[in-house]
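The lines below spell out each chain.
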Amino acid sequence: MTILTTYISWTFLVLGGFLCISGAVGLLRFPDFFTRMHAASVTDTLATALIILGLLLQTDAWMVQVKLVMVLVFVLLTSPTASHALAKAALHGGLKPQLKIARGSNKAGQQSEAEA
Amino acid sequence: MNMETVINMVLLSLLVVTAIAIVRIKDLFAAAMLAGIYGLLSASFFVMMDAVDVAFTEASVGAGISTLLMLTTLAMTGRFEKISGNYRPRLALVLVALTGALLIYGTLDMPAFGTAAAPVHEHVAPRYLNDSYAEIGIPNAVTSVLASYRGFDTFGEVVVIFTAGIGVLALLMRAEKPTPRTQTPTASMHEHMVLRIVAKMLIPLILLFGLYVQFHGEYGPGGGFQAGVIFASAFFLYSMLFGLSEARKVVNHVVVQILAALGVLLYGSVGIVSLMNGKNFLDYSALSADAVHGQHLGILAIELGVGITVTTVMIIIFFAFSGRNQIEGEKD
């Protein structure tokens, strides 16, 4: 493995790790269900995909790479679908997205509006 | 303190936190989901201890199927627990504390965690690890132990699963004409186009993965139990998204019941064949002129039996549970 692939791999891994943490923060800090779900789904899809991409570059065994690609495809198919099902179930159950910021100037309010 | 210890400590603390959350939470749906998380955390812990086969089983059964079955049950019973008159948390707490104290007292006599001198590492384990490749000829020593050395125990496990299936059938079978109830969570899924399309893409892959796990158990983690659960989950997915009556068209109930018995029979008859060839019950070396080849054949056959029984019993249980209160399949 060359220096270059090591750098690229670690960039992916660190980015993925950062998105995991930021997703967790969003999950706790965002104002309503839909924005929180958005944060969680970023962790589910983008962070996982980046980490798997980073891991892909870490190994030279093609068997491991094939398996990682399969995991990646599976995650990219299922995670957005799960988020979709969750959001739809919430809407179906009568939960409306919060359109106004209740109090304080929370940045998440903009996302809440965008989602609506 | 090395990295592995840190990860173990984090996982075990998360297990404790999840357990406390399960006890404290009032919403039973959330409790069931937390139980699934508990299963997943245990699976991660097992991976850390290099017990990948057990981790695989825990992930597919503990985090997957049992959560699903609990949710199906909750669709029947309701979301919140009813607190009855004789609710005595103090007594329960005292009992639990007492049991916990006794268990901790029991651990004082145990050898230190991970010691090589522990009795479990000195009894039959060295024999399995050193000789199993020569005797059984498959790389995964766990499958050798499970399917060959301890074949009779595994036979018992399959019979237990089969008995569970019969029990569920006996208790819930009569509910062919259930009274209409309020809509279950699966009912609202019927219009979900995205879910249906993704499920159609995934179901063949899940079935394929199940087959891979089934027949790759001799070389890597896997085997009949995990494969059966994975295979059955594809049918669950189908019946949740397309309705129970559609799923019943795919899986004939009578065939499933016969298959459940056939799996156990296949396992048992391999043992009978060994007996008739003059060897011990479930001694697969009797199956072929070459002893190691016979072991291969036997393990393949009994794993197939395990897989068939587990798949069909899971399908029976799921259908019995969701058929009990679901009318909306017919509305489709």
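Definitions and limits used
- Residues numbered from 1 in each chain as written.
- Chains lettered and ligands numbered in written order.
- Predicted model: local features only at pLDDT ≥ 70, side-chain atom pairs only at ≥ 80, totals over all residues.
- Heavy atoms only, no water.
- Helix = DSSP H or I, 4+ residues; strand = E, 2+ residues; numbered from the N terminus.
- Buried < 20%, exposed > 50% of the residue type's maximum accessible area, 1.4 Å probe, protein only.
- Contact = heavy atoms within 4.5 Å.
- Areas by Shrake-Rupley, 256 points an atom, 1.4 Å probe, with all protein chains shown as cover.
- Lys, Arg positive; Asp, Glu negative; His and termini not counted.
- Charge placed at Lys NZ, Arg CZ, Asp CG, Glu CD.
- Axes fitted to C-alpha atoms, helices over the stretch in contact; angles between N-to-C directions.
- Left-handed = near helix turned anticlockwise from the far one by under 90°.
- Arc of directions from axis to C-beta.
- Polar contact = N/O pair within 3.5 Å; in protein donor to acceptor, adjacent residues only side chain to side chain.
- Domains from an automatic or database assignment.
- Buried area = accessible area lost by both parts, 1.4 Å probe.
- Salt bridge = Lys/Arg side-chain N within 4 Å of Asp/Glu carboxyl O.
- Nonpolar A, V, L, I, M, F, W, Y, C, P; charged D, E, K, R; others polar.
- Phe/Tyr/Trp six-rings, centres within 6.5 Å; stacked < 30°, edge-to-face > 60°.

Asks: Go over the overall build of chain B with me, naming the residues and quoting the values.
Replies: From N to C terminus, chain B includes 14 helices and zero strands. For chain B, the succession of helices and strands along the chain, N to C, is α-α-α-α-α-α-α-α-α-α-α-α-α-α. Taken along its principal axes, the extent of the C-alpha atoms in chain B is 60 × 50 × 40 Å. Counting all 332 residues of chain B, 39% fall into the buried class. Sequence-distant contacts in chain B: of pairs separated by 6 or more residues, those separated by 24 or more amount to 72%. When the accessible area of chain B is evaluated, it comes to approximately 18,600 Å², of which 71% is carbon and sulfur surface. Here chain B contributes 18 positive and 22 negative side-chain charges, whose respective centroids are spaced 17 Å apart.

Asks: Tell me about the packing of helix α3 (residues 62–92) of chain A against helix α9 (residues 193–216) of chain B, and please be specific about residues and values.
Replies: Their axes nearest at 11 Å, the elements α3 of chain A and α9 of chain B cross at an angle of 145°. Note on packing geometry: the crossing formed by α3 of chain A with α9 of chain B is left-handed. Side by side, α3 of chain A and α9 of chain B meet where K67, F74, L77, T78, T81, H84 and A85 of chain A of the first sit next to V194, L195, V198, M201, L202 and Y212 of chain B of the second.

Asks: Could you give an account of helix α7 (residues 141–149) of chain B, with specific residues and numbers?
Replies: All names here are of chain B. When we look at burial in α7, the residues that qualify are T143, S144, A147, S148 and Y149. Considered in projection along α7, the buried side chains sweep an arc of 155° and stay on one side of the axis. The N-cap residue of α7 is N140: its side-chain oxygen and the backbone nitrogen of V142 are 3.1 Å apart.

Asks: Go over unusual backbone geometry, please, and point to the residues and values.
Replies: Residues and elements named next belong to chain B. Even without being glycine, D50 reaches a positive phi, approximately 65°. A positive phi angle, near 65°, is found at L282, a position not held by glycine. By the secondary structure assignment, L282 is in the loop between α12 (253–276) and α13 (291–325).

Asks: Tell me about the domain arrangement of chain B, and please be specific about residues and values.
Replies: Residues and elements named next belong to chain B. Domain assignment breaks chain B into domain 1 (1–110) and domain 2 (114–332). Between domain 1 and domain 2, the contact holds 14 residues from the first and 22 residues from the second. Between domain 1 and domain 2, the buried area comes to about 1,500 Å², and carbon and sulfur atoms account for 78% of it. Counting the contacts that link domain 1 with domain 2 gives zero salt bridges. In this assembly, domain 1 and domain 2 are joined by four residue pairs in polar contact (both at pLDDT 80 or more). Here the side of domain 1 that touches domain 2 gets 13 residues from one element, more than from any other, and that element is helix α3 (residues 52–77).

Asks: An account of the interface of chain B and chain A is needed here, citing residue identities and associated values.
Replies: Across the contact, nine residues belong to chain B and nine residues belong to chain A. Summed over both partners, the interface of chain B with chain A buries about 860 Å², with 80% contributed by carbon and sulfur atoms. Contact with chain A buries area across many residues of chain B, yet H192, L195 and L202 of chain B alone supply 43% of it, more than any other trio. Remark: the boundary between chain B and chain A carries zero salt bridges. Of the residues assigned to the side of chain B that touches chain A, the class counts are six nonpolar, two polar and one charged.

Asks: Just give me the short version of the packing of aromatic side chains, but keep the residues and values in it.
Replies: All told, the structure shown has 11 aromatic pairs over all chains when counted by the stated rule. Both rings, one in F33 of chain A and one in F34 of chain A, keep their centres 5.3 Å apart while their planes meet at 85°; by these two values the pair is edge-to-face. Since its relative accessible area comes to 30%, F33 of chain A is described here as partly exposed. Overall, F34 of chain A belongs to the buried group, its relative accessible area being 5%. Residues F155 of chain B and Y267 of chain B carry aromatic rings whose centres are separated by 5.0 Å and whose planes lie at 40° to one another, so their mutual orientation is tilted. Residue F155 of chain B is found in helix α8 (residues 151–172), and its partner Y267 of chain B is found in helix α12; the two are separated by 112 residues along the sequence. For Y267 of chain B, a relative accessible area of 0% puts it in the buried group. Put simply, the rings of F152, F155, Y267 and F281 of chain B touch in pairs and so form one group of aromatic residues.

Asks: Give a description of the pattern of salt bridges that names residues and reports values.
Replies: When charged atoms on two side chains of opposite charge get close, those side chains can pair. All names here are of chain B. Within this structure, the stated rule accounts for four salt bridges over all chains. The salt bridge partner of E135 is R127, with a shortest N-O separation of 3.1 Å. Members of the salt-bridge network, linked through shared partners, are R127, D131 and E135.

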